[in-house]
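Take a look at the letters that make up each chain.
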Amino acid sequence: MTPNLTYVLVVGVLFAAGVTLLLERSLTRVLMGVILLGNGANLLLLTGGRAGGPPIVGTTDQAEMSDPLPQAMVLTAIVITLGMTAFLLALSYRSWHLNGHDEVQDDVEDRRIMDLADRDEGPGTDDADQPDSDDQREPVALPTGRGRDA
């Protein structure tokens, strides 16, 4: 059985929109991206199944039975998407109460590693990409405490 072109296009649009939303900084958009990806995965799994009668021995001829594996995989994907949705909702709610917004902030350690990588570029790089000596950024100091604000 070949999948319907409409299903294939809808799956492609759901995956493209989901990935685009996952790359945003807002946790609400990340949540919507996870939901769209989950729905796209469900449709993709359903298009792989064969249409037919119920897969119950004795009620339908074996050659005319539908494949129960995609249905079981879709149920599993629904549960996984629901768990991820609940986790991201809790994360977004906690971020909203702590910060007043749900945007993911830059990590101090990531910025420090980027600064180290900029300084350690080898001799095979362009001189145009190298900052001037008086234009160098100061390295970011990491907090040393292990308390709540660290």
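The sections below set out a description of the structure shown in this document. All of these numbers come straight from a predicted model, not from anything done at the bench.

So, on to the environment of Leu69. Relative to the helices and strands, Leu69 resides in helix 3 (residues 68-99). Between the alpha carbons of Leu69 and Gly48 there is a distance of 9.6 Å; along the sequence they are 21 residues apart.

Here helix 2 (residues 27-47) is 21 residues long and its end C-alpha atoms lie 30 Å apart, about the 30 Å a rise of 1.5 Å per residue gives. Buried within helix 2 are the following residues: Leu27, Val30, Leu31, Gly33, Val34, Leu37, Gly38, Gly40, Asn42 and Thr47. On its buried face, helix 2 sits against helix 1 (5-22) and helix 3.

For the rest of this paragraph, the subject is the packing of helix 2 against helix 3. Look at helix 2 against helix 3: their axes get within 9 Å of each other, and the N-to-C directions meet at 180°. Taken together, the axis directions place helix 2 and helix 3 in an arrangement best described as roughly antiparallel. In terms of residue class, the contact of helix 2 with helix 3 is made up of 16 nonpolar, seven polar and no charged.

A few words now on the side chain of Thr81. Structurally, Thr81 can be placed in helix 3. Note on Thr81: relative accessible area 17%, which makes it buried. Beyond its immediate stretch of four places on either side in the chain, Thr81 contacts Val34, Ile35 and Gly38.

Quick notes on the rules
In this convention, every chain numbers its residues from 1, walking through the sequence in written order. Where local features are concerned, this predicted model is filtered to residues with pLDDT of at least 70; where side-chain atom pairs are given and counted, the filter is 80 or more; whole-chain, interface and lining totals use all residues. Heavy atoms throughout the structure, all of them, feed into the side-chain values; hydrogens and water do not. In this description a helix means any DSSP run of H or I spanning at least four residues, a strand means any run of E spanning at least two, and both kinds are numbered starting from the N terminus. To estimate the expected span of a helix, count its residues, drop one, and scale the result by 1.5 Å. Working definition: with a 1.4 Å probe on protein chains only, accessible area under 20% of the residue-type maximum means buried, over 50% means exposed, and in between means partly exposed. By definition in these notes, contact holds between two residues if any of their heavy atoms fall within 4.5 Å. For helices, the fitted line uses only the C-alpha atoms of the stretch in contact; every axis is such a line through C-alpha atoms, and the angle between N-to-C directions lies from 0 to 180 degrees. Working definition: roughly parallel below 35 degrees, roughly antiparallel above 145 degrees, roughly perpendicular at 65 to 115 degrees, and oblique for all remaining angles. Here the term charged refers only to Asp, Glu, Lys and Arg, the term nonpolar to Ala, Val, Leu, Ile, Met, Phe, Trp, Tyr, Cys and Pro, and the term polar to all other amino acids, Gly among them.

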